[in-house]
Amino acid sequence: MITLSEPVEAALTRSVQTMMDWAEEQSVQWADYFRLVNTPRAVQHIQSGKLSPWLVLGCVAGKKMLQSFTDEQLQMVQRFINPEYWSNKFKSSPADAIFVQETAKEAKIE
């Protein structure tokens, strides 16, 4: 079970592994996940906890992906990526937020 107190490193590791598994299935680069994944699959990954809000909300590409969701899809992931909770989490954990941004940049997830 995934808890809200999970270390950011574990959340990123799980998310990147999910992205890599998806990329292997699709024969594409995993760093292109947010740009190329179909939205139903992304919803499934978010709902199942395979894709962490740390990464989805912590990089530009993840936020762009969310903008491509339909209203129904946004409702489906709302409780998993609670914007109010995560906004506060990013503000209260600036070192973790920077770590996510730097990791995404180094992996060329932009």
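Relevant structure appears above.
So, a few notes on the structure that sits alongside this text.

Definitions and cut-offs
Residues numbered from 1 in each chain as written. Predicted model: local features only at pLDDT ≥ 70, side-chain atom pairs only at ≥ 80, totals over all residues. Heavy atoms only, no water. Phe/Tyr/Trp six-rings, centres within 6.5 Å; stacked < 30°, edge-to-face > 60°. Buried < 20%, exposed > 50% of the residue type's maximum accessible area, 1.4 Å probe, protein only. Core = buried A, V, L, I, M, F, W, Y, C linked by side-chain atoms within 4.5 Å. Helix = DSSP H or I, 4+ residues; strand = E, 2+ residues; numbered from the N terminus. Contact = heavy atoms within 4.5 Å.

All right, on to the packing of aromatic side chains then. The description of two aromatic rings rests on the distance between their centres and on the angle between their planes. Under the defined criterion, the tally for this structure stands at 6 aromatic pairs. The interplanar angle of 80° and the centroid separation of 5.5 Å between the aromatic rings of Tyr 33 and Phe 34 together place this pair among those described as edge-to-face. The burial state of Tyr 33 is the same as that of Phe 34; both residues are buried. Aromatic pair Trp 54 and Trp 86: ring centres 5.3 Å apart, planes at 80°, arrangement edge-to-face.

Now for the nonpolar core. With 32 residues, the main nonpolar core has Tyr 33, Phe 34, Ile 46, Met 65 and Ile 109 as its most contacted residues. Those elements giving two or more residues to this core turn out to be α1 (8-26), α2 (33-36), α3 (39-47), α4 (53-58), α5 (60-67), α7 (83-92) and α8 (94-106). No other element matches α1, which puts 6 residues into this core. Sequence-distant contacts of Ile 46, defined by excluding residues within four places in its chain, comprise Leu 51, Val 56, Met 65, Leu 66, Phe 69, Val 77, Phe 80 and Ile 81.

All right, on to the side chain of His 45 then. Relative to the helices and strands, His 45 resides in helix α3. Residue His 45 is classed as buried on the basis of its relative accessible area of 7%.

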